[in-house]
Amino acid sequence: MIWIVRNLWLIPALPALAAGLSALAKQRNRRFAASLAIGSMGLSFLLSLFAFAHALHVSGQGKQVIQVFNFPWLQYGGEWLKLGWMLDPLTSVMLVMVTFVGLLIFIYSTGYMAHDENFTRFFCFLSLFAAAMLGVVISNSLLLLFMCWELVGLTSYLLIGFWYHKPAAAAAAKKAFITTRIGDLAFLIGMVWLYSQAGTLLFYDQGTGCLERSALMGLVAQTTCIGMAASTGIALLIFAGAVGKSGQVPLHVWLPDAMEGPTPVSALIHAATMVAAGVFLIARVYPLMAAHGGTSLAISSTTALQVVTWIGAITAVFAALIAVAQDDIKRILAYSTVSQLGYMMMGLGVGGVAVGMFHLITHAFFKSLLFLGAGSVIHGCHEEQDIRRMGGLKKFMPITFATYATGMLALSGFPLFFSGFWSKDAILHAAQIWTISRVPFYLGTLGALLTAFYMTRQIYYVFLGESRLSDRHNMPHTKAVDHPEHSAPATPHESPVSMTVPLMILAGCAILLGFIGTPAWPWFDSFLSGQQATFNITGFLEGGILPVMLSSTVIVFVGLGLGWWLYGRKPIASADGPDALEQLQPQVFHLLRNKFYVDEFYQATFIRCNTWLSHLSDWFDRRIWNGAVWTVSYVVLGLSWLARSTDNYLVNPGFDEGCHTVTVGAKFLVRLQNGRTQNYLRLVGIAFAVLVVFLIWSGVR
Amino acid sequence: MITPFSYLGLLRLVLPQAIVVIAALCALSVDLMFLRMSETRLRCSVGAIISLAGCAAAIVWIFHAPQSANVLDGMLVLNHLAQRIQIALLVLTMLTILIFIGSTFTQHVSEYLALILLATVSMMFLVSTQNLLLIFLSLELLSLSLYILTAFNKRSIQSVESALKYFLFGGISAAFLLFGFSILYGWSNSTNIVSIANSIHGPSLDPLLIVAIVMTVIGLGFKVAAVPFHFWAPDVYQGAPAPSAAFIASGSKLAGFFIFYQVMVIGLAGAEGSSSWHAYASGWVPVIAIVAALSMVLGNLVAILQTSVRRLLAYSAIAHSGYMLLGILSHTNQSLHALLYYAITYALTVSGAFAVVALVEEETGGDTLSHFAGLSRRAPVPSFCMLIFLLSLAGIPPLAGFFGKFYLFSSVLTSAEGTLSLLWLVVLALAMSAVSLYYYLKVLKFIYVTDPPTEIAPMRISALRQVVLCLIALSVVLLGCAPDLLLHWL
């Protein structure tokens, strides 16, 4: 077996080791922790490149593209539980993406977190987070994947609540943890169900894995009580886990709140790792999702995939609508992420692994670019996050502006030169030819329009127009109050090199990555499916791609134009003035600004219900169970008293009496042995007579 | 009908016995001719070495040339099992001789050793015959040797008195046995026990046969000290010199049980009857069941009240005879092996216990419980060995006594009479084992807990005795941990 496949575990192990070592380091060993984290991540990146090259080589030869390494982990009864890791194109692409983006974010963090006193701890968590995500990527066992998945959940909790002294951050961490836990519960149930049906949790195991043909056939043939195939039920439960992790409706509420964490964390969570884990999970178990009774291998839409599509499409529009009316620079990006994740899910549902994953990869780059850019803006404006308090930053932060604009255009799907255009277009095209319904296509198009619109709005607020930073002191809830040294209305400044260089690298990627998946040269698609890509310019003309491209181009321009019309025509004058859209449609704007009141709805229903239930449980605990426990304990006390009395007055005398009887009997028997031989012989004679008489009598009877 | 057989061939078959006899004569003649003026210690050592060499040579010969024969109308029956029992008897004899070395109760060491060897020869004949005549002759030779061995401490009135009682009791028992044998001979016109079994027919037994059965049981029951033919045992165990008592309790008992099994199971096949609750039938099994139950109850109960450790061991021996009779009672192949395993491990354990008793007697001049007080502080090694022996006798795992009881009782439960039909006997045996733990622990309490009455001085114990004790204790533990060693060997 090839060295890299056997030693693939090194890729997550290195950051994990770095996390362990920096956990032991003292708080002041900043340089040590940072260099350890960056060094281990760099090594992992190199190994990932090696793995990628190997996967490329293997798929170029047209061999079996999935290479696995399984090992027995623990034994129970007669069975061995096996774990393992695998290398296939999907894994190799994800490995490169995660390690590369992670490496850039690590480098960026050294600048961003330079003044934080818990710098060492931060890098410890970051490394562990990256390790867990890489573990998810290489797992060949749903169990190992679940373990790493939970580790991702734990570290996200630690990182979102990194500034735990801020109540909002602590609450956001709790919210993220609990909300994803709801999905994870369903995931766990699905996993147990899968194990009980398939008997294994390995994905690929030389024909016996749970994602391989024989197991899938069995799962499809099995029907449950409501007439649904077992494969569908399991797939939907696993999808519920992905919904929690990837912030899909209705479990999206934690994601915007998670912006309370440090900005590099937001970039890491919302671009490369945590949210991508959900999409990656669906891509990984895609054979299960797409399992159907037919014998053809063509993509057909199963119930599970339809659910994925609809949830994705709804999320894409829903979150984009909310993003339109937000004021916090990171919150806008957060809702944008939710919306883009919806696109990815939709892409998986309508177009298969390659379509969804392509968008995941391109999005990882331009979204981390946007987040890091936002971090740069926040850093430059002295921890200001409200876009109404910004404006005119173009002249102060030219590099940030240029890179941010690149990211914005990529996200909006600006034609031809930006990666977002190609990946989003692939999804829209797949949605357009989807046989079940055209509604997801319309929803996706609407989402694209909204995306272009809210990103234009953000750009106008943040970078163009006049600076409104001096208005900050009028705001009662400004965050700058905590930082007296920054309280003077200082001019914004460009960020240090350690922050701008990653921005520039990511901006380059945001442009270039689009060209690995154009219709003319669908390299990414071919690579994932293990085929050879050929350059064919006529690819644009096939299957109605060109109309879709044209219409989406029009849509993007409409979105950009609308943004210009509302926010660019006349400069935003004051930070406290009403939003342009608010003037136009106050009710709609308020609805969107309050995020469709989803949080409030949950507050009024689930949380209230939960509170009521906990009150009820409390009452039960105090009155009923406590009473029962007391009753039992009194009964036990009574019984023990009874037992003691019996012991003292019945058993002990009885036993004494028994012993006495034994002793008396023994004394009687001793008397037989009186030392007289005549006596002994007489007894033998008697015994002889008695035995003979007894035998004869009993024989006659 | 007796077929002719050459004497040379016969000599080949009985060569082990011949070797032992020659060793006995050598020991006598060397002592009487060359060592008359030497001190007792030297004579004792030389005689013991000759005797041990004789036994060892016999063992080597049996191992070297295993025989299989059935000649002279069952007079000499040699097979694998009989020869293994002979080896076990020789080993037990060697242990007795080792215990004897260093004893001071007699000046006539060579006579003592020769008698032990003659008794061994008689036991070897006893286990290798299926003929009533030879059984009786061997038994008489064995008994006569044992009477003299019991009386050997001429300075002790107790020794002489117990020997006389033993002799009187043994005489009467022998009379019963001979009478029983003669009826069997008259019944079947043969002294070969296989032929006797062939002449027993029918479900209901003739009263004459019943008389013969009971008489045989009395004669052999005397040999194994079963109630109510046990009366000699406490006196003899108490009065006899310690090596004699060990010999009577170990080798003689093993041989006695083996021949008891042979006579009952082979010779009286067809007259078993049944002792189970629901299917009672008259025969020898009910007799044995009564005798076994009486032995277990009386032996264990009376042992509680004993203050003399020797008498305590005597009553415990009676109780153990009761357990072992269960092995005869269930008369299956499995129960025979369980019985032999039990008898051999019991013989080992009880000779070890008597060796400790001998030590204590020599140092303190008595064998009551108070003489054992605080022994652990005076002689830690023998005390620990005694702990192992007594716990093994009580049947505590992982010692040999536990597995002996386990195999014996489980073989009884799966006996030919049907599963669980003898459950009442096993339940009784288990209950009585629980009782027995009390008196064994009483001895151990005196050894380990009670303070010695006077100023204590460490005992001076010869290295040989310590080594012998440790060897016995080790074998008891080893056979308990790996009972297969012995079970497969048999």
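Here the structure is a predicted model, which means the values were calculated and not measured.

## Notes on the overall build of chain A
Now for step 1: Across its full length, chain A carries 27 helices and two strands.
Now for step 2: A burial count over chain A gives 51% of its 701 residues as buried.
Now for step 3: If you take every contact in chain A between residues at least 6 apart in sequence, the share linking residues at least 24 apart comes to 77%.

## Some words on the overall build of chain B
Now for step 1: When you go through chain B residue by residue, the secondary structure sums to 21 helices and two strands.
Now for step 2: The proportion of buried residues among the 490 residues of chain B is 57%.
Now for step 3: A separation of at least 24 residues holds for 78% of the contacts in chain B among residues at least 6 apart in sequence.

## Focus on the environment of leucine 178 of chain B
All names here are of chain B.
Now for step 1: Examined against the element boundaries, leucine 178 turns out to sit in helix H7 (residues 157-188).
Now for step 2: Residue leucine 178 is classed as partly exposed on the basis of its C-beta count, with 16 C-beta atoms lying within 10 Å.
Now for step 3: Distance in space between the C-alpha atoms of leucine 178 and glycine 219 is 8.1 Å, their sequence separation being 41 residues.

## Describing the pairing of strand S1 (residues 67-76) of chain A
In the case of a regular strand, side chains alternate between the two sheet surfaces.
Residues and elements named next belong to chain A.
Now for step 1: Of the pairings in the sheet, the one linking S1 to strand S2 (residues 79-87) comprises nine bridges and is antiparallel in character. Considered in S2, the bridge of phenylalanine 69 is made with tryptophan 85.
Now for step 2: The hairpin turn running from S1 into S2, its antiparallel successor, is two residues long, and glycine 77 in that turn takes a positive phi close to 60°.

## Describing the environment of glutamate 117 of chain A
Now for step 1: Positionally, glutamate 117 of chain A belongs in the loop between helix H4 (89-112) and helix H5 (119-138).
Now for step 2: Since 11 C-beta atoms lie within 10 Å of it, glutamate 117 of chain A is described here as exposed.

## A look at the packing of helix H14 (residues 309-330) of chain B against helix H15 (residues 333-364) of chain B
All names here are of chain B.
Now for step 1: For the pair H14 and H15, interaxial distance at closest approach is 9 Å and the crossing angle is 175°. By the angle between their axes, H14 is roughly antiparallel relative to H15. Listed contacts from H15 to Val309, Arg310, Leu313, Ala317, His320, Met324, Gly327, Ile328 and Ser330 of H14 are Ser335, Leu336, Ala338, Leu339, Tyr342, Ala343, Tyr346, Val350, Ala353 and Val357.
Now for step 2: Residue composition of the contact of H14 with H15, by class: 14 nonpolar, four polar and one charged.

## Quick look at the interface of chain B and chain A
Now for step 1: Contact residues are listed per partner, giving 24 residues for chain B and 21 residues for chain A.
Now for step 2: Secondary-structure elements contributing two or more residues to the side of chain B that touches chain A are H7, helix H9 (207-224) and helix H13 (284-304) of chain B.
Now for step 3: Of the residues contributing to the side of chain B that touches chain A, the split by class is 21 nonpolar, two polar and one charged.

## Re the packing of helix H14 (residues 303-324) of chain A against helix H20 (residues 439-462) of chain A
The description of two packed helices rests on the angle between their axes and on the distance between the axes.
Residues and elements named next belong to chain A.
Now for step 1: Running from N to C, H14 and H20 point in directions that differ by 25°, and their axes come no closer than 9 Å. Classified by the angle between their axes, H14 and H20 sit roughly parallel to one another. Considering how the two elements wind past one another, H14 and H20 form a crossing that is left-handed. Along its contact with H14, which presents Thr309, Trp310, Ala313, Ala316, Val317, Ala320, Leu321, Ala323 and Val324, the element H20 presents Pro440, Leu443, Gly444, Leu446, Gly447, Leu450, Thr451, Phe453 and Tyr454.
Now for step 2: For the contact of H14 with H20, a count of residues per class yields 14 nonpolar, four polar and no charged.

## As for helix H12 (residues 274-284) of chain A
Now for step 1: Taken across its eleven residues, H12 of chain A has eleven buried, putting it largely inside the fold.
Now for step 2: If you check which residues of H12 of chain A are buried, you get Met274, Val275, Ala276, Ala277, Gly278, Val279, Phe280, Leu281, Ile282, Ala283 and Arg284 of chain A.

## Description of helix H21 (residues 497-512) of chain A
All names here are of chain A.
Now for step 1: Given a rise of 1.5 Å per residue, 16 residues ought to cover 22 Å, and the 22 Å separating the end C-alpha atoms of H21 matches this to within 8%.
Now for step 2: Within H21 the residues assigned to the buried category are Met499, Thr500, Pro502, Leu503, Leu506, Ala507, Cys509 and Ala510.
Now for step 3: Structurally, H21 contributes buried residues whose contacts are with H4, helix H16 (353-380), helix H18 (398-412) and helix H19 (419-432).

## As for the confidence of the model for chain B
Any region with low pLDDT has predicted coordinates that should not be read closely.
Now for step 1: Confidence in the prediction of chain B, expressed as mean pLDDT, is 88, and 97% of residues score 70 or more.
Now for step 2: For this predicted complex, the interface score ipTM comes out at 0.83, alongside a pTM of 0.57.

## Some remarks on unusual backbone geometry
Residue and element names in this part refer to chain B.
Now for step 1: Note that the residue after valine 227, namely proline 228, is joined by a cis bond; omega there is 5°.
Now for step 2: Within the element layout of this structure, proline 228 appears in the loop between H9 and helix H10 (232-239).
Now for step 3: In this chain, proline 397 is followed by proline 398 through a cis amide linkage whose omega measures 5°.
Now for step 4: Mapping proline 398 onto the fold places it in the loop between helix H17 (380-394) and helix H18 (400-413).
Now for step 5: With a phi angle near 60°, asparagine 189 is a residue other than glycine that sits in the positive phi range.
Now for step 6: The residue asparagine 189 is located in the loop between H7 and helix H8 (193-198) in this model.
Now for step 7: Residue classification places asparagine 189 among the exposed positions, given that 10 C-beta atoms sit within 10 Å.

## Brief notes about the nonpolar core
Now for step 1: Ranked by size, the top nonpolar core spans 219 residues in total, and within it Val279 and Ile282 of chain A carry the most contacts.
Now for step 2: When near neighbours in sequence (up to four residues on either side) are disregarded, valine 279 of chain A contacts Ala242, Ser246, Leu341, Met344, Met345, Leu348, Gly356 and Leu360 of chain A.
Now for step 3: Within the second largest apolar cluster, 192 residues are counted, among which are Ala82, Leu113, Ala233 and Val468 of chain B.

How each quantity is defined
- Residues numbered from 1 in each chain as written.
- Chains lettered and ligands numbered in written order.
- Predicted model: local features only at pLDDT ≥ 70, side-chain atom pairs only at ≥ 80, totals over all residues.
- Helix = DSSP H or I, 4+ residues; strand = E, 2+ residues; numbered from the N terminus.
- Buried ≥ 20, exposed ≤ 12 C-beta atoms within 10 Å, placed from the backbone.
- Contact = placed C-beta atoms within 7 Å.
- Pairing = 2+ DSSP bridges.
- Axes fitted to C-alpha atoms, helices over the stretch in contact; angles between N-to-C directions.
- Parallel < 35°, antiparallel > 145°, perpendicular 65-115°, else oblique.
- Nonpolar A, V, L, I, M, F, W, Y, C, P; charged D, E, K, R; others polar.
- Left-handed = near helix turned anticlockwise from the far one by under 90°.
- Expected span 1.5 Å × (residues − 1).
- pLDDT = per-residue confidence, 0-100.
- Core = buried A, V, L, I, M, F, W, Y, C linked by C-beta atoms within 7 Å.

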